[in-house]
Amino acid sequence: MKEKIINQTKKVVIPVFISILCGAICGKIVYNIYDENDTFLANNTMYLLQAGAYSSYDNMRANTMGNNYVYYEDDGLYKAIIGITSSYDNIEKIKNAYNGEVIVNEYYLNDIELSNKIYELDKELSKEEDSNNIKEIINSMLALYKEGNINLTKVN
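The structure displayed is predicted, hence computed values, not measured ones.

Cut-offs applied
Starting afresh in each chain, residues are numbered from 1 along the sequence in its written order. For a predicted model such as this one, the threshold for reporting local features is a pLDDT of at least 70, and the threshold for listing and counting side-chain atom pairs is 80 or more; totals across whole chains, interfaces and linings nevertheless cover every residue. In computing side-chain properties, one takes all heavy atoms of the structure into account and sets aside hydrogens as well as water. Note on patches: the residues involved have over 30% relative accessible area and no salt bridge, like charges join within 9 Å, and the nonpolar side chains Val, Leu, Ile, Met, Phe, Trp and Tyr join within 5 Å. Each accessible area is a Shrake-Rupley result for a 1.4 Å probe, and residues are judged covered by the shown protein chains and nothing else. A pair is scored as a salt bridge if a Lys or Arg side-chain nitrogen falls within 4 Å of a carboxyl oxygen belonging to Asp or Glu. Numbering of helices and strands runs from the N terminus; a helix is a DSSP stretch of H or I covering at least four residues, while a strand is a stretch of E covering at least two. Nonpolar cores are built from buried Ala, Val, Leu, Ile, Met, Phe, Trp, Tyr and Cys residues. Side-chain atoms within 4.5 Å join them into one set. Exposure categories follow from relative accessible area, calculated using a 1.4 Å probe and restricted to protein chains: below 20% of the type maximum is buried, above 50% is exposed, and the middle band is partly exposed. Residue contacts follow a heavy-atom distance rule, with two residues in contact if any of their heavy atoms lie within 4.5 Å. DSSP calls a pair of strands paired once it identifies at least 2 bridges connecting them. By this rule the span expected of a helix is its residue count minus one, scaled by 1.5 Å. The arc in question is the one traced by the directions running from the helix axis out to the C-beta atoms. Simply put, an axis is a line fit to the C-alpha atoms, just over the touching stretch for a helix, and the angle between two N-to-C directions goes from 0 to 180 degrees. Note on terminology: angles under 35 degrees are roughly parallel, angles over 145 are roughly antiparallel, angles of 65 to 115 are roughly perpendicular, and the others are oblique. Three classes are used: nonpolar for Ala, Val, Leu, Ile, Met, Phe, Trp, Tyr, Cys and Pro, charged for Asp, Glu, Lys and Arg, and polar for all others, with Gly counted as polar.

Peer 1: Tell me about a nonpolar patch on the surface, residues and numbers included.
Peer 2: Taken together, Ile14, Phe17, Ile18, Leu21, Ile25, Ile29 and Ile33 make up a surface patch of nonpolar side chains, about 680 Å² in accessible area. With respect to the helices, strands and loops of the structure, Ile33 is situated in helix H1 (residues 2–43).

Peer 1: Provide a residue-level description of the nonpolar core, including the pertinent values.
Peer 2: Grouped together as the largest cluster of nonpolar side chains are 31 residues, with contacts concentrated most on Leu49, Ile84, Ile118 and Ile138. Those elements that provide at least two residues to this core are strand E1 (45–54), strand E3 (77–85), helix H3 (90–98), strand E4 (103–109), helix H4 (112–127) and helix H5 (131–147). Considering every element that reaches this core, the biggest residue donor is H5, with seven residues. In this view, Ile84 contacts Met46, Tyr47, Leu48, Ile94, Ile118, Met141, Leu142 and Tyr145; residues no more than four positions away in its chain are not counted.

Peer 1: How would you summarise the pattern of salt bridges if you had to cite specific residues and measurements?
Peer 2: Within the structure shown, the criterion is met by four salt bridges. In this structure, Glu129 engages Lys93 in a salt bridge whose closest nitrogen and oxygen atoms are separated by 3.7 Å. Residue Glu129 is located in the loop between H4 and H5, and its partner Lys93 is located in helix H3; the two are separated by 36 residues in the primary sequence. For Lys93, a relative accessible area of 18% puts it in the buried group. With a shortest N-O distance of 3.5 Å, Lys123 and Glu120 are connected by a salt bridge. Remark: Glu120 and Lys123 occur in helix H4; sequence separation between them is three residues, near one turn of the helix.

Peer 1: Please give an account of the side chain of Thr85 that cites residues and values.
Peer 2: By the secondary structure assignment, Thr85 is in strand E3. By relative accessible area, Thr85 is classed as buried at 0%. Setting aside residues no more than four positions away along its own chain, Thr85 makes contact with Thr45, Met46, Tyr47, Leu49, Asn90, Ile91, Ile94, Ile118 and Asp122.

Peer 1: Hey, could you go over the pairing of strand E2 (residues 70–74) for me, with residue numbers and the actual values?
Peer 2: Where E2 lies against E3, five bridges are found, and the strand directions are antiparallel. If you follow Val70 over to E3, its bridge partner there is Ile81. Linkage of E2 to E3, two consecutive antiparallel strands, is achieved through a turn of two residues, within which Asp75 is found at a positive phi near 55°.

Peer 1: Help me get a handle on H5, residues and values and all.
Peer 2: Between its first and last C-alpha atoms H5 spans 24 Å; for 17 residues at 1.5 Å apiece the expected length is 24 Å, and the two agree. Taken as a whole, H5 has its buried residues at Ile134, Ile137, Ile138, Met141, Leu142, Leu144 and Tyr145. On an axial view of H5, the arc spanned by its buried residues comes to 150°, and they lie on one face. Summarising the geometry of H5, the exposed residues directed more than 90 degrees from the buried face are Asn132, Glu136 and Glu147.

Peer 1: An account of the pairing of E1 is needed here, citing residue identities and associated values.
Peer 2: Within E1, eight of the 10 residues are buried, which leaves it mostly tucked inside the rest of the structure. The pairing of E1 with E4 spans six bridges and is antiparallel. Residue pairing in the sheet places Leu48 in a bridge with Asn105 of E4. Across seven bridges, E1 lies against E3 in antiparallel orientation. Across the sheet, the residue bridging to Gly52 is Ala80, located in E3.

Peer 1: If you had to explain the packing of H4 against H5 to someone new, which residues and values would you point to?
Peer 2: Closest axis-to-axis distance for the H4/H5 pair is 10 Å, and the angle between their directions is 175°. As judged from the angle between their axes, H4 and H5 are roughly antiparallel. Only Ile134, Ile137, Ser140, Met141 and Leu144 of H5 make contact with H4, whose side of the interface consists of Leu114, Lys117, Ile118, Leu121, Asp122, Glu124 and Leu125. Across the contact of H4 with H5, the residue classes tally to eight nonpolar, one polar and three charged.

Encoded structure:
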């Protein structure tokens, strides 16, 4: 009788143990995948600093003559981007360099290589205090933006 109870227990305990083990392994795999994607999105957040939205290309050119900028057309408006950064702390530094009101839009950048280059320039920008050097770094960031075929996804 005792032997029969031990055999019945083994038939139940072993599958339960294997099920728990498989569940733990699957849970760990799913967690690692989620954690990698979350880190990817956090590291690829970019802030575009927009000088304004203009009804015509000529108006945009006239109002942004003193700045180096990138522009794009969206919903019939021309939008001038005067800065791009991956560091929220550098936004104020860029605003102060151009002494103007800007609109900050948050995007995800899908290009890891470009994201890494902008991150490196952001480290330089965060250490810099001279206004002229700050503008040079910003221009380098904009040049990277101009060079590549960039695919940004707006964060709502």
